[in-house]
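One letter stands for each residue in the lines below.
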Amino acid sequence: MAIARGIALEAVKAGKYKSTRQDEHLTDIACAEVVKTKLLEAEQLENKPLCNLEPKERAILELIYLKGRNCAEAAAEMNISEESLKFTLKKAFIHLKAEKSA
């Protein structure tokens, strides 16, 4: 849920998302305040640590899920092999699953 929320907030920040909901009660000023609030929430989310992951695991998850890189691009950016990246990614999922069930 947190990953999906982060992706959605990134889309809002980048202007790629347009709401299909037509709310007549919101004025342009109110819409601007809503966007400003969402941006502040996104900044707070980015500064908040992503669970209790190792820095390498966190960096890989951020590259793949928040920045939209594929495994080959993320591996090249981190200067590691693609197999090593996938192994570390699997470890990160195990850690996330353990935290979720705890």
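Our structure is the block above this text.
In this report, the structure presented in the accompanying data block is examined. (Residues numbered from 1 in each chain as written. Predicted model: local features only at pLDDT ≥ 70, side-chain atom pairs only at ≥ 80, totals over all residues. Heavy atoms only, no water.)

### Description of the overall build of the protein
What the protein contains, in helices and strands, is 5 helices and 0 strands. Ordered by position from N to C terminus, the α and β elements of the protein give α-α-α-α-α. Here the protein, with 102 residues, has 17% of them falling under the buried criterion. Surface summary for the protein: the accessible area is close to 8000 Å², and the carbon and sulfur share equals 57%. (Helix = DSSP H or I, 4+ residues; strand = E, 2+ residues; numbered from the N terminus. Buried < 20%, exposed > 50% of the residue type's maximum accessible area, 1.4 Å probe, protein only. Areas by Shrake-Rupley, 256 points an atom, 1.4 Å probe, with all protein chains shown as cover.)

### What to know about the side chain of Arg-58
Mapped onto the elements of the fold, Arg-58 is located in helix H3 (residues 55-66). Here Leu-53 takes part through its backbone oxygen, which lies 3.2 Å from a polar atom of the side chain of Arg-58. (Polar contact = N/O pair within 3.5 Å; in protein donor to acceptor, adjacent residues only side chain to side chain.)

### A word on the nonpolar core
Counting residues in hydrophobic clusters, the biggest one holds 11 residues: Leu-53, Ile-60, Leu-61, Leu-63, Ile-64, Ala-74, Ala-75, Leu-85, Leu-89, Ala-92 and Leu-96. Those elements that provide at least two residues to this core are H3, helix H4 (71-78) and helix H5 (82-101). Ignoring anything within four residues of it in the chain, the contact list for Ile-64 reads Arg-69, Cys-71, Ala-74, Leu-85 and Leu-89. (Core = buried A, V, L, I, M, F, W, Y, C linked by side-chain atoms within 4.5 Å. Contact = heavy atoms within 4.5 Å.)

### Focus: the side chain of Thr-88
Looking at where Thr-88 falls in the secondary structure, it is placed in helix H5. Classification of Thr-88 by relative accessible area gives buried; the value is 7%. Setting aside residues no more than four positions away along its own chain, Thr-88 makes contact with Lys-56, Glu-57 and Ile-60.

### So, H3
Over its 12 residues, H3 runs 15 Å from end to end, which matches the ideal 16 Å to within 8%, given 1.5 Å per residue. Among all positions of H3, only Glu-57, Arg-58, Ile-60, Leu-61, Leu-63 and Ile-64 are buried. Gly-68, located one to two residues past H3, shows a positive phi value of around 75°. (Expected span 1.5 Å × (residues − 1).)

### A short note on the environment of Ile-64
Structurally, Ile-64 is set in helix H3. Note on Ile-64: relative accessible area 15%, which makes it buried. For the pair Ile-64 and Leu-89, spaced 25 residues apart in sequence, the C-alpha separation works out to 9.6 Å.

### Quick look at the pattern of salt bridges
In this structure the tally under the stated criterion is 2 salt bridges. Measuring nitrogen to oxygen at the nearest pair gives 3.7 Å for the salt bridge that ties Glu-82 to Lys-86. Of this pair, Glu-82 and Lys-86 both sit in helix H5, separated by 4 residues, roughly a single helical turn. Here Glu-82 falls in the partly exposed class, since its relative accessible area comes to 34%. (Salt bridge = Lys/Arg side-chain N within 4 Å of Asp/Glu carboxyl O.)

### Regarding the packing of H3 against H4
Interhelical geometry of H3 versus H4 gives an angle of 135° and a closest axis separation of 10 Å. Here H3 is positioned oblique relative to H4, judged by the angle of their axes. Between H3 and H4 lies a crossing whose hand is right-handed. Where H3 abuts H4, its residues Lys-56, Ala-59, Ile-60, Leu-63 and Ile-64 lie against Cys-71, Ala-74, Glu-77 and Met-78. The class makeup of the residues in the contact of H3 with H4 is 7 nonpolar, no polar and 2 charged. (Axes fitted to C-alpha atoms, helices over the stretch in contact; angles between N-to-C directions. Parallel < 35°, antiparallel > 145°, perpendicular 65-115°, else oblique. Left-handed = near helix turned anticlockwise from the far one by under 90°. Nonpolar A, V, L, I, M, F, W, Y, C, P; charged D, E, K, R; others polar.)

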